[in-house]
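Structural overview for review
In case you want the letters, here they are:
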Amino acid sequence: MNRVAQNPEQLDPKQVRIVEYFYEIQKSYRVSDVFFGRAGAMTIADCVAFGLPPILVPSPHVAEDHQTKNAEVIAQRHAGLVLKEPELALRGQEVLTMVLSQPEQRQAMAQALRAIQDDTAAQKIVETITTAARHGRR
């Protein structure tokens, strides 16, 4: 992404805004067409929750390469794309431009993301914790 950050004029400013950090990320997710970034579990959960198609760049410097595993699950479900970090400088702009220029692909990825979301997840977590607490008391 450094090459793009150094040459942002190569991208349409009406489509791309490069920033370092968001304090209220949900506001940015709501107005975005695509997410381009790391593949941490919370980031992916946010993309699922907002139906925001991701281009995921897994960090190769995390324990047990878990970001790659996270990203591969999303890619296997056709809910996003994976771009390995070594390919980023070479293909990052091309992949981003391709996704931005194909609204039907973004729509398909958003639908696949929505299919991943489990609206009963919070209840399942509560039930699991409650069950574990009961077994711990015996």
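See the structure above.
Quick caveat, the model's predicted, so the values are computed rather than measured.

Observations regarding the nonpolar core
- In terms of nonpolar packing, the biggest core is built from 13 residues, with F35, A39, I44, L56, I74, A79 and L113 touching the most fellow members.
- Broken down by secondary-structure element, the contributors of at least two residues to this core are α3 (41-50), α4 (66-76) and α6 (103-116).
- Tallying contributions element by element places α3 first for this core, with 3 residues.
- Setting aside anything within four residues of it in sequence, one finds A39 in contact with I44, L56, V57, P58, Q67, N70 and A71.
- With 11 residues, the next largest nonpolar core counts V16, L83, L88 and L100 among its residues.

So, the packing of aromatic side chains
- The full count for this structure, using the stated rule, is 2 aromatic pairs.
- Ring plane angle 70° and centroid distance 6.2 Å describe the contact between Y29 and F35, whose orientation is recorded as edge-to-face. The exposure classification of Y29 matches that of F35, with both residues buried.
- Residues Y29 and F50 carry aromatic rings whose centres are separated by 5.3 Å and whose planes lie at 50° to one another, so their mutual orientation is tilted. Here Y29, found in helix α2 (residues 25-31), pairs with F50, found in helix α3; they are 21 residues apart in sequence, far enough to count as distant.
- According to the relative accessible area criterion, Y29 is buried, its value standing at 7%.

Re the pattern of salt bridges
- One pass over the full model with this rule turns up 4 salt bridges.
- Two residues, E24 and K27, come together in a salt bridge whose shortest N-O distance is 2.6 Å.
- Note on E24: relative accessible area 42%, which makes it partly exposed.
- A relative accessible area of 49% places K27 in the partly exposed class.

What counts, and at which threshold
Residues numbered from 1 in each chain as written. Predicted model: local features only at pLDDT ≥ 70, side-chain atom pairs only at ≥ 80, totals over all residues. Heavy atoms only, no water. Core = buried A, V, L, I, M, F, W, Y, C linked by side-chain atoms within 4.5 Å. Buried < 20%, exposed > 50% of the residue type's maximum accessible area, 1.4 Å probe, protein only. Helix = DSSP H or I, 4+ residues; strand = E, 2+ residues; numbered from the N terminus. Contact = heavy atoms within 4.5 Å. Phe/Tyr/Trp six-rings, centres within 6.5 Å; stacked < 30°, edge-to-face > 60°. Salt bridge = Lys/Arg side-chain N within 4 Å of Asp/Glu carboxyl O.

Read these as layout, nothing more, since geometry by itself doesn't imply function.
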